[in-house]
Amino acid sequence: MRSFFICLMLIVLTGCSSQKKSYNATLDNFNYPFQVKKFKFNSQNQDLNMAYMDIGNKKSENVIVLLHGKNFSGYYWESLATELMKNDFRVIIPDQIGFGKSTKPRRYQFSFPQFALNTKKLLNHLKINEAIIVGHSMGGMLATTFAYDFPKMTKKLILVNSIGLESYGKYAEFKDTNFFYNLELNKNIDKIRNYQKKNYYDGDWKPEYENLLEAHRGQLIGNDKELVAWNNALTYGPIFSEDITAKFSAVKSPVVIINGTRDKTGPGRGWKKPGVNYKLGQYDKLGKKIVKQFPNAKLFELEGVGHMPFYEAYDDFLKIFMNAL
């Protein structure tokens, strides 16, 4: 009996290896909060599947598109999407190619214009002519590009702790894709957790954040680990090679910027060019700087909140977000 309780405690505290789920490249047995559909299309001479969730009132004129960040996919929008449905929104949540449940190609020229075009094709497929475009983290770079390339389809642009508010290529050394591939192959769940804990939450890790690691955990032990790592490596390219700030002044849609001011996310901080003293990732200053670069923009700041405001300070974030709408 004593050995039984010891084993039970070990299961609770550490988890038994038999209980750890492994996931393939497209997270086939990883549950999303809403029904997932696949949009099949051809791009760069190959057939691809773009996973997406299309929820809420299909007849509503209020359509909103939620674009995920680099280290996530569409599933993490669950709470906000649920609230939007209550307010009669039709909510579209895609997984970009290379992410989540979408195709992980072995060869693909990733770029934000390509991501934006793929997203437009999805909206065309759904017969959606106009939407509010929301982007978080890397999704903000995509959302800005979408608004720049397709202004008539962008009713409003909302950036939530977007990266790309500064030009990383200006300050960071260029790295071959092999550099990022090796970084991805050497990741484990503790490294991922520690990165997010330090950079997203200022060291304050809560149990509910652990749910955001489940997809990573399963793919790290899955048979497609190398393919996932390769796609993760390839998608760093646009972040460092494309200067999204050059597009701000040409965005015609109304813009809302929501920033947690404690965010310190600064891609390339560890390999800045020699002699560069510029400090990357100062979100307490970035919002005030870039809001002036858009023709029509408003800034809302969440003091003492980091990179994930819709997790770390959901109630405060929601008030600002609904006001922005």
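Above this text sits the structure in question.
Residues numbered from 1 in each chain as written. Predicted model: local features only at pLDDT ≥ 70, side-chain atom pairs only at ≥ 80, totals over all residues. Heavy atoms only, no water.

### Details of the overall build of the protein
Step number 1: Looking only at helices and strands, the protein features 13 helices and eight strands.
Step number 2: For the protein, whose C-alpha radius of gyration is 20 Å, the value lies close to the compact-globule estimate of 20 Å for 325 residues.
Step number 3: Of the roughly 15300 Å² of accessible surface on the protein, a fraction of 50% belongs to carbon and sulfur atoms.
Step number 4: In the protein, which carries 45 positive and 31 negative side-chain charges, the distance between the mean positions of the two groups comes to 2 Å. (Helix = DSSP H or I, 4+ residues; strand = E, 2+ residues; numbered from the N terminus. Rg over C-alpha atoms; globule rule 2.2 N^0.38 Å. Areas by Shrake-Rupley, 256 points an atom, 1.4 Å probe, with all protein chains shown as cover. Lys, Arg positive; Asp, Glu negative; His and termini not counted. Charge placed at Lys NZ, Arg CZ, Asp CG, Glu CD.)

### Some thoughts on the pairing of strand β3 (residues 63-67)
Step number 1: The element β3 is extensively covered by neighbouring structure, given that five of its five residues are classed as buried.
Step number 2: Examined bridge by bridge, β3 and strand β4 (residues 90-94) share three bridges and lie parallel to one another. The residue of β4 that forms the bridge with Val63 is Arg90.
Step number 3: Crossover handedness for the path β3 to helix α2 (residues 78-86) to β4: right-handed. (Buried < 20%, exposed > 50% of the residue type's maximum accessible area, 1.4 Å probe, protein only. Pairing = 2+ DSSP bridges. Right-handed = clockwise from strand over helix to strand, strands pointing away.)

### Comments concerning the sheet that holds strand β8 (residues 297-302)
Step number 1: Strands sit in the order β1-β2-β4-β3-β5-β6-β7-β8 across an open sheet of eight strands; the sheet is mixed. Strands at the two margins of the open sheet, each flanked by one partner only, are β1 (37-43) and β8. Taken over all neighbouring pairs, the strand axes of this sheet differ in orientation by 20 degrees on average, direction set aside.
Step number 2: Here four bridges tie β3 to strand β5 (residues 131-136), and the two strands are oriented parallel to one another. When the sheet's bridge partners are listed, Leu67 is paired in β5 with Gly135.
Step number 3: Helix α4 (residues 138-149) rests against β3, β5 and β6 (154-160) of the sheet, and its axis sits at about 150 degrees to β5. (Axes fitted to C-alpha atoms, helices over the stretch in contact; angles between N-to-C directions. Contact = heavy atoms within 4.5 Å.)

### With respect to the packing of aromatic side chains
The geometry of an aromatic ring pair comes down to the distance between the two centres and the angle between the two planes.
Step number 1: Summed over all chains, the structure comprises 33 aromatic pairs.
Step number 2: Taking the centre distance of 5.7 Å and the plane angle of 40 degrees together, the rings of Phe110 and Phe115 count as tilted. Taken as a pair, Phe110 and Phe115 share a single burial class, namely buried.
Step number 3: Summarising the aromatic geometry, the rings of Phe180 and Trp271 are spaced 5.9 Å apart at their centres and angled 65 degrees between planes, so their arrangement reads as edge-to-face. Of the two residues, Phe180 is situated in helix α6 (residues 177-185) and Trp271 in the loop between β7 (255-260) and α11 (283-290); the sequence distance between them amounts to 91 residues. (Phe/Tyr/Trp six-rings, centres within 6.5 Å; stacked < 30°, edge-to-face > 60°.)

### Some words on the packing of α2 against helix α13 (residues 314-324)
Step number 1: One can describe the packing of α2 onto α13 by two numbers: an axis separation of 12 Å at closest approach and a directional angle of 45 degrees. As judged from the angle between their axes, α2 and α13 are oblique. For the crossing formed where α2 meets α13, the hand is right-handed. In this structure, α2 contributes Ser79, Leu80, Glu83 and Leu84 to the contact, and α13 contributes Tyr314, Phe317, Leu318, Phe321 and Met322.
Step number 2: Looking at side-chain class alone, the contact of α2 with α13 contains seven nonpolar, one polar and one charged residues. (Parallel < 35°, antiparallel > 145°, perpendicular 65-115°, else oblique. Left-handed = near helix turned anticlockwise from the far one by under 90°. Nonpolar A, V, L, I, M, F, W, Y, C, P; charged D, E, K, R; others polar.)

### A few points about empty space enclosed by the protein
Step number 1: Enumeration over the complete set of coordinates arrives at two cavities of 30 Å³ or more.
Step number 2: Its boundaries defined by the atoms lining it, the largest cavity holds a volume of some 350 Å³.
Step number 3: Around the largest cavity, the lining comprises 21 residues; the ones closest to its centre are Glu184, His216, Gln219, Val228 and Asn232.
Step number 4: Of all the elements in the fold, those that place two or more residues in the lining of the largest cavity are α8 (214-220) and α9 (225-234).
Step number 5: Class assignment of the residues belonging to the lining of the largest cavity gives a composition of nine nonpolar, seven polar and five charged.
Step number 6: Taken as a whole, the second largest cavity holds about 30 Å³ of empty space.
Step number 7: Lining the second largest cavity are Tyr76, Trp77, Glu78, Ser79, Leu80, Phe310, Tyr311 and Tyr314. (1 Å grid on protein atoms, 1.4 Å probe; cavity = no way out; pocket = protein on both sides within 12 Å on 5 of 7 lines; lining within 4 Å. Points joined across faces, edges and corners; volume = space filled by probe spheres on them.)

### Observations regarding the pattern of salt bridges
Step number 1: The full count for this structure, using the stated rule, is 10 salt bridges.
Step number 2: Glu214 is paired through a salt bridge with Arg217; the nearest N and O atoms lie 3.1 Å apart. Of this pair, Glu214 and Arg217 are both found in helix α8, three residues apart, which corresponds to roughly one turn of the helix.
Step number 3: Here Arg262 makes a salt bridge to Glu312, at a shortest N to O gap of 2.8 Å. Of this pair, Arg262 sits in the loop between β7 and α11 while Glu312 sits in helix α12 (residues 309-312), and the two are 50 residues apart along the sequence.
Step number 4: Several salt bridges share partner residues, and in doing so they unite Asp190, Arg193, Glu210, Glu214 and Arg217 into one network. (Salt bridge = Lys/Arg side-chain N within 4 Å of Asp/Glu carboxyl O.)

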